[in-house]
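# Geometric and topological summary
Chain by chain, the residues run as shown.
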Amino acid sequence: MGLYTFAGPIMRLLEPETAHGLAIKALKCGLLPKAKPLNEPVLASTLWGLNFVNPIGLAAGFDKNGEVPDAMLTQGFGFSEVGSVTPQPQPGNPKPRSFRLLEDKAIINRMGFNNDGLDVVTERLSARARKGIVGANLGKNKNQEDAVADYVAGTKALAGLSDYLVINVSSPNTPGLRALQNKDQLAELLHAVLVARNETVEKGKAPLLLKVAPDLTDEDKTDIVAVAIETGIDGMIVSNTTIERPDSLKSEHKGEGGGLSGQPLFEASSLVLREIATQVDGRFPLIGVGGISNADQAYEKIRNGASLVQLYSALIYGGFELVSEINKGLAERLKADGFKNISEAVGANL
Ligand SMILES: Cc1cc2nc3c(=O)[nH]c(=O)nc-3n(C[C@H](O)[C@H](O)[C@H](O)COP(=O)(O)O)c2cc1C
């Protein structure tokens, strides 16, 4: 039994943000046992010129301030994502703003991009040895009217310090943010950040990914994929949290405002992934996120078109041991189905 499993029940007695703060502190101080190194070539792949030792990544929102990207890699993740970071530091929404839906194995959050801002995160990432793969997820400040300016600022600051960049236009907790997924606004935004990226780093560095919401109409999805292909971005992350509330939810917190993640998001986000993967048709890689808590679910995302996957909510219920468990289970499933490498399984269901 690892420390996190042992501490898990105690952690769950604490208010979610207090528990999260403690987990970050423990990681910073190196108090958590490291995951055993996993030697499974079947899980390794190269995307955007980056060598991923395994496909399981830490989703954005856990390490918003870039305090523990490398510590998370020692927990068994193949890559970790810092952010969302906004140019100026901001406090986010009033507390409480994060809720555990225990019976549903879900989380509702309306954090509102609480973060230390670009200067501090830039300093932290500059101090890294840059051994593992760490992405930077960019957001915009609540009071900034010129959204493009914020994403351009984030791109210029972090393109040279991270292995990939994410344009997050899909968090439900910043007013107007999701409207940036509309065709014309999205095209303008992506053109501008690509120019900024190309001016900041040499060709082929800092691949630019777009993170989308699961709550999209068919027309939205078609438009977004068309803009992604036309602008020449390098990938997409599908998906962020949902503003929908499935009838199946049981927890007393189900009526809280914000984005829902965890188990109840799995089906919906997998469906959007599948639809987007079909339209993208291999032109660029996709990262599948939403409700992954075991190897079967990670495998399903991969078979539905994801080259890599990420998770966050399941850590709150399963602890960090889950990462190695999922990797092991995934390797077993790939081999049992006759795949020599994970890349062969990507999109197998499509
Ligand atoms: C407390 C919390 C904070 C989050 N913050 C961010 C964020 O800042 N930026 C972002 O792109 N996604 C954020 N997310 C969304 C996750 O990255 C992920 O897309 C979503 O939770 C679905 O994955 P999961 O079901 O494995 O949690 C957050 C999620 C949670 C639970």
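Data block above holds the structure.
Residues numbered from 1 in each chain as written. Predicted model: local features only at pLDDT ≥ 70, side-chain atom pairs only at ≥ 80, totals over all residues. Heavy atoms only, no water.

Once the charged atoms of two side chains with opposite charge are near each other, the side chains can pair. On inspection of all chains with the given rule, the structure shows 14 salt bridges. Its salt-bridge partner being Lys 335, residue Glu 40 comes within 2.8 Å of it at the nearest N-O pair. Of this pair, Glu 40 sits in the loop between helix H2 (16–28) and strand E1 (45–47) while Lys 335 sits in helix H11 (residues 321–336), and the two are 295 residues apart along the sequence. Ionic pairing is found between Arg 197 and Asp 234, a salt bridge with its closest N-O pair at 3.1 Å. Of this pair, Arg 197 sits in helix H6 (residues 183–200) while Asp 234 sits in the loop between helix H7 (218–231) and strand E10 (235–238), and the two are 37 residues apart along the sequence. A single burial state applies to Arg 197 and to Asp 234, both of which are buried. (Salt bridge = Lys/Arg side-chain N within 4 Å of Asp/Glu carboxyl O. Helix = DSSP H or I, 4+ residues; strand = E, 2+ residues; numbered from the N terminus. Buried < 20%, exposed > 50% of the residue type's maximum accessible area, 1.4 Å probe, protein only.)

Strand order in the closed barrel formed by eight strands is E3-E4-E7-E8-E9-E10-E12-E13, and the pairing between neighbours is parallel. The average undirected angle you get between the axes of adjacent strands in this sheet is 25 degrees. Of the pairings in the sheet, the one linking strand E9 (residues 208–212) to E10 comprises four bridges and is parallel in character. The residue of E10 that forms the bridge with Lys 211 is Ile 237. On the sheet, helix H9 (residues 295–303) packs against strand E3 (56–63), strand E12 (286–289) and strand E13 (308–311) and is oriented at approximately 140 degrees with respect to E13. (Pairing = 2+ DSSP bridges. Axes fitted to C-alpha atoms, helices over the stretch in contact; angles between N-to-C directions. Contact = heavy atoms within 4.5 Å.)

Let us look at empty space enclosed by the protein. Applying the stated criterion to the full structure yields one cavity of 30 Å³ or more. Of the voids in this model, the largest cavity is the one considered here, and its volume is about 30 Å³. Around the largest cavity, the lining residues are Gln 90, Asn 93, Gly 112, Lys 142, Asn 173, Thr 174 and Pro 175. Looking at the lining of the largest cavity residue by residue, the classes come out as one nonpolar, five polar and one charged. (1 Å grid on protein atoms, 1.4 Å probe; cavity = no way out; pocket = protein on both sides within 12 Å on 5 of 7 lines; lining within 4 Å. Points joined across faces, edges and corners; volume = space filled by probe spheres on them. Nonpolar A, V, L, I, M, F, W, Y, C, P; charged D, E, K, R; others polar.)

In this section: the nonpolar core. Residues Tyr 151, Ile 167, Leu 210 and Met 236 are the most contacted members of the largest nonpolar core, which totals 85 residues. Per-element accounting of this core gives the leading share, seven residues, to H6. Residues in contact with Met 236, not counting those within four places in the same chain, are Leu 209, Leu 210, Val 212, Ile 224, Ala 228, Ile 276, Phe 284, Pro 285, Leu 286 and Ile 287. Within the second largest apolar cluster, 14 residues are counted, among which are Trp 48, Tyr 164, Val 289 and Leu 308. (Core = buried A, V, L, I, M, F, W, Y, C linked by side-chain atoms within 4.5 Å.)

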